[in-house]
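Residue-level structural notes
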Amino acid sequence: MTEDDSLINKIREIWPGFAVADAAAWDTDPLVSATIPTHQRPRSIMPSARSVVVIWVPVSPTIMHTAPSIYYREHYRTLNTLLDVTSQRIATMLDAEGHDAAYVPRDGYHGIEGLRKDPSSFFSHRHAAYLAGLGTFGINNVLLTEKHGPRVRFASVITSADIPAGRPLKKGLCTECMKCVRECPANALSGDTYPGGLDKSLCVERSGELAKKGISPCGRCIAVCPVGKKVKPPSDDFIEAVRRYEI
Ligand code: SF4
Ligand code: SF4
């Protein structure tokens, strides 16, 4: 077994759903180098970085249909915690194997107020997932994956370990059906292809309104996207019962 295989197996023992991006790709990939500022790239954060391990977890399709709701808000938080704990465990293992390793906190911003000041997070897990070959960007500004469409969340571990990396998918997954554009209650999506289609400030203001009711994030552009495996939606009664609760 090579050293690569051994590391890959050790990551898989912790979490089976992962892919790897080459840390150098942030500087060479045309889309990512044009959209991610230099200070938010792995080699600026950790000069010894050679790889970024990207883990993923699917969002419950049943709960997704209820968004925005308290159920979705709590599910979103739970998934973020799961991702933080899991990526921390991977970083600890890589550390023990003699590599530099740091997991990037799942949501690197300071709530709605932080987003108003700067709507970009300090590290984009979706771009890491894109470079690892997990999906392509949709008109909804979210990374779409083959299996779960945009209903999946990612987290990243930056490491000096040199792990064989994936490459961006060649074919885009977005069908340009415009369902997300029509669904957006804030008119934040223009229908332009990524990276030009989202007015972040309108989306943040919508989140702010929902947060006052205790039901942020919004997620409607994610819920309606037809990409990914087809799942029977829950009954209208369930959705109505869940949405009855606001703060
Ligand atoms: S999260 Fe909501 S407000 Fe933001 S773009 Fe999607 S549908 Fe629009
Ligand atoms: S809803 Fe349609 S246009 Fe929007 S991201 Fe999904 S496939 Fe693309």
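The text that follows walks through the structure, step by step, so that each part is easy to find. (Residues numbered from 1 in each chain as written. Chains lettered and ligands numbered in written order. Predicted model: local features only at pLDDT ≥ 70, side-chain atom pairs only at ≥ 80, totals over all residues. Heavy atoms only, no water.)

Of note, Asn 141 is situated in the loop between strand S4 (136-137) and strand S5 (143-144). The buried category is assigned to Asn 141, whose relative accessible area is 10%. Ignoring any residue separated from it by four or fewer positions in sequence, one finds Asn 141 in contact with Arg 126, Tyr 194 and Leu 198. (Helix = DSSP H or I, 4+ residues; strand = E, 2+ residues; numbered from the N terminus. Buried < 20%, exposed > 50% of the residue type's maximum accessible area, 1.4 Å probe, protein only. Contact = heavy atoms within 4.5 Å.)

Turning our attention to the site of ligand 1. Taken together, Cys 184, Pro 185, Ala 186, Leu 189, Leu 198, Cys 203, Arg 206, Cys 218, Gly 219, Arg 220 and Cys 221 form the complete shell of residues around ligand 1. Sorting the residues of the shell around ligand 1 by element identifies helix H10 (200-212) and helix H11 (220-223) as the ones contributing at least two each. Residue composition of the shell around ligand 1, by class: eight nonpolar, one polar and two charged. (Near = heavy atom within 4 Å. Nonpolar A, V, L, I, M, F, W, Y, C, P; charged D, E, K, R; others polar.)

Right, let's talk about the environment of Cys 221 for a bit. With respect to the helices, strands and loops of the structure, Cys 221 is situated in helix H11. Taking C-alpha positions, Cys 221 is 21 Å from Glu 246, a pair spaced 25 residues apart along the chain.

Right, let's talk about the pairing of strand S1 (residues 18-22) for a bit. Buried residues dominate S1, accounting for four of its five residues. Bridge count for S1 against strand S2 (residues 51-58) is five bridges, and the pairing is antiparallel. Residue pairing across strands places Phe 18 opposite Ile 55, the latter belonging to S2. (Pairing = 2+ DSSP bridges.)

Right, let's get into unusual backbone geometry. The amide bond that connects Ala 67 to the next residue, Pro 68, takes the cis arrangement and shows omega of -5 degrees. You can see Pro 68 is positioned in the loop between helix H5 (61-64) and helix H6 (70-96). Following Tyr 194, the chain continues into Pro 195 via a peptide bond in cis, with omega recorded as 10 degrees. Examined against the element boundaries, Pro 195 turns out to sit in the loop between helix H9 (179-183) and H10. Although it is not a glycine, Glu 176 sits at a positive phi angle of roughly 60 degrees. The residue Glu 176 is located in the loop between strand S6 (152-159) and H9 in this model. In this structure, Met 178 is a non-glycine residue whose phi angle is positive, near 70 degrees. Looking at the secondary structure, you find Met 178 in the loop between S6 and H9.

In the vicinity of ligand 2 lie 13 residues, with Cys 174, Cys 177, Met 178, Cys 180 and Cys 225 positioned nearest. Along the lines of polarity and charge, the residues of the shell around ligand 2 split into eight nonpolar, three polar and two charged.

What follows deals with the environment of Val 204. You can see Val 204 is positioned in helix H10. Exposure remark for Val 204: the relative accessible area of 7% places this residue in the buried category. Separated by 92 residues in sequence, Val 204 and Ile 112 have C-alpha atoms that sit 6.9 Å apart.

Take the packing of aromatic side chains next. In total, this model carries five aromatic pairs according to the counting rule given. Relative to Tyr 76, the ring of Tyr 72 lies with its centre 5.9 Å away and its plane at 70 degrees, an arrangement referred to as edge-to-face. Taken together, the positions of Tyr 72 and Tyr 76, both in helix H6 and four residues apart, correspond to about one turn of that helix. Residue classification places Tyr 72 among the buried residues on the basis of a relative accessible area of 4%. Judged by centre distance (4.0 Å) and plane angle (10 degrees), the ring pair of Phe 137 and Tyr 194 falls under stacked. Of the two residues, Phe 137 sits in strand S4 while Tyr 194 sits in the loop between H9 and H10, which places them 57 residues apart along the sequence. Each member of the pair Phe 137 and Tyr 194 is classed as buried. Aromatic ring contacts, followed pair by pair, group Tyr 130, Phe 137 and Tyr 194 into a single cluster. (Phe/Tyr/Trp six-rings, centres within 6.5 Å; stacked < 30°, edge-to-face > 60°.)

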